[in-house]
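# Commentary on secondary and tertiary structure
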Amino acid sequence: MDGYEKLEKIGEGTYGKVYKARDKRTGRLVALKKTRLEMEDEGVPSTALREVSLLQMLSHSIYIVRLLCVESVDENGKPQLYLVFEYLDSDLKKYIDSHGRGSSNPIPAKTIQSFMYQLLKGVAHCHGHGVMHRDLKPQNLLVDKEKGLLKIADLGLGRAFTVPLKSYTHEIVTLWYRAPEVLLGASHYSTSVDMWSVGCIFAELSRKTPLFPGDSELQQLLHIFRLLGTPSEQSWPGVNKLRDWHEYPQWQPQNLSRAVPDMGPDALDLLSRMLMFDPAKRVSAKAALHHPFFDDLDKSQF
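Residues numbered from 1 in each chain as written. Predicted model: local features only at pLDDT ≥ 70, side-chain atom pairs only at ≥ 80, totals over all residues. Heavy atoms only, no water.

## As for the pairing of strand E8 (residues 149–152)
The two faces of E8 match: Leu149 and Lys151 on one face and Leu150 and Ile152 on the other face are all buried. Bridge analysis of strand E7 (residues 141–144) against E8 gives four bridges, and the strand direction is antiparallel. Within E8, the residue paired with Asp144 across the bridge is Leu149. Counted between consecutive antiparallel strands, the loop separating E7 from E8 contains four residues, among which Gly148 sits at a positive phi close to 65°. (Buried < 20%, exposed > 50% of the residue type's maximum accessible area, 1.4 Å probe, protein only. Helix = DSSP H or I, 4+ residues; strand = E, 2+ residues; numbered from the N terminus. Pairing = 2+ DSSP bridges.)

Spelled out as structure tokens, the structure:
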């Protein structure tokens, strides 16, 4: 790691410490992710190697944070794996927060449209390679404000390392973007869990506050049911067979526009397709890219 100058610790991600650093050879800024790997006698676990090669393949997309290289280092006689990513100085949460609370200073409609298109391009790229992200949220979407680019980060370590419920620093990992089938303990779920998260992020770009800010799994579900109605076997076949299903209070679905008053009809239609209870009915990333919401977007720039 002598080739890198660590400048500051920029976070403790779910999988380990993250540093902002400078590559001494090129002068470019990078993000160094130190992974917490349980090393095997033979060295790096094969699951980790598979994940890394997957990350390298996925990062050929401009909408996914680029993995530049992987460094294996001996620290105190123990092998450590560092992933070296391109560095971006902001994320979508900071971007939304910079617009303040309340209805003044909304995020421009064109920006929301562009960010959503890029997010869906990145998600479609992952899903096209059979990879679920499973933890999409504004903090995991990095923003290059100068170029107006949005890139997905913290990707692909999900299967080798399983998404923990508590982060590295023991704070609870946010449930605000988590799909209802995951909250209800489904043992099998698919790429549609990411589309639920994308819907929550879409609403948040419009509202500038989270759509479902629950502070426990139960509260999270109640937030969702209050807006979308309590699901039933009719609206979501199989829901009452899920591990954590209980009898919940019966709410009727509300009009989505009450929660996101600034969204136009096309945006609301796309949002409603992302927030379908039945995962099988949720719109795919690939299909969402062709939704009328994006009709007047200049797609040549993507």
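## Describing the environment of Leu29
Mapped onto the secondary structure, Leu29 falls in strand E3 (residues 29–35). The class of Leu29 is partly exposed, set by a relative accessible area of 31%. The spatial distance from the C-alpha of Leu29 to the C-alpha of Glu5 is 9.5 Å, given a sequence separation of 24 residues. If we skip the residues at most four places from it in the chain, Leu29 touches Leu7, Lys20, Ala21, Arg22 and Tyr87. (Contact = heavy atoms within 4.5 Å.)

## Brief notes about the UniProt feature "binding site: ATP" (unreviewed entry) in the chain
This chain's UniProt record puts "binding site: ATP" (unreviewed entry) on Lys33. Looking at where Lys33 falls in the secondary structure, it is placed in strand E3. The residues touching Lys33, leaving out its near neighbours within four places in the chain, are Lys17, Val18, Leu81, Tyr82, Leu83, Phe85 and Asp154. (UniProt positions renumbered as here; feature names shortened; annotations may be inferred.)

## A look at the packing of aromatic side chains
The tally for this structure, following the rule as stated, stands at 13 aromatic pairs. On the basis of an interplanar angle of 70° and a centroid distance of 5.1 Å, the ring pair of Tyr117 and Phe294 is categorised as edge-to-face. Residue Tyr117 is located in helix H3 (residues 109–128), and its partner Phe294 is located in the segment after helix H10 (285–288); the two are separated by 177 residues in the primary sequence. A residue is classified by how much of its surface remains accessible, and Tyr117, at 7% relative accessible area, is buried. Given a relative accessible area of 0%, Phe294 falls into the buried group. On the numbers, 5.2 Å between centres and 75° between planes, the contact of Phe225 with Tyr248 is edge-to-face. Residue Phe225 is located in helix H7 (residues 217–228), and its partner Tyr248 is located in the loop between H7 and helix H8 (256–259); the two are separated by 23 residues in the primary sequence. Like Tyr248, Phe225 is buried. Aromatic rings pair up to connect Trp196, Phe212, Phe225, Trp236, Trp245, Tyr248 and Phe277 into one cluster. If you follow Lys33 out to its NZ or CZ, it ends over the ring of Phe85, 5.2 Å from the centre. (Phe/Tyr/Trp six-rings, centres within 6.5 Å; stacked < 30°, edge-to-face > 60°. Lys NZ or Arg CZ within 6 Å of the ring centre and 35° of its normal.)

## Focus on the pattern of salt bridges
Side chains that differ in charge, positive against negative, can pair when their charged atoms come close. Enumeration over the complete set of coordinates arrives at 14 salt bridges. With a shortest N-O distance of 3.2 Å, Glu75 and Lys34 are connected by a salt bridge. Here the residue Glu75 occupies a position in strand E4 (residues 67–75), and Lys34 occupies one in strand E3, the gap between them amounting to 41 residues. Judged by its relative accessible area of 21%, Lys34 falls in the partly exposed class. Put simply, Asp135 and Lys137 hold a salt bridge, and the shortest N to O gap is 3.5 Å. (Salt bridge = Lys/Arg side-chain N within 4 Å of Asp/Glu carboxyl O.)

## Looking at the confidence of the model for the chain
Close inspection of predicted coordinates is inappropriate for parts of the model with low pLDDT. On average, residues of the chain carry a pLDDT of 89, and 90% of them reach 70 or more. Considering only residues more than four positions removed or in separate chains, one finds that residues 159–170, a stretch of pLDDT under 50, has 34 contacts. (pLDDT = per-residue confidence, 0-100.)

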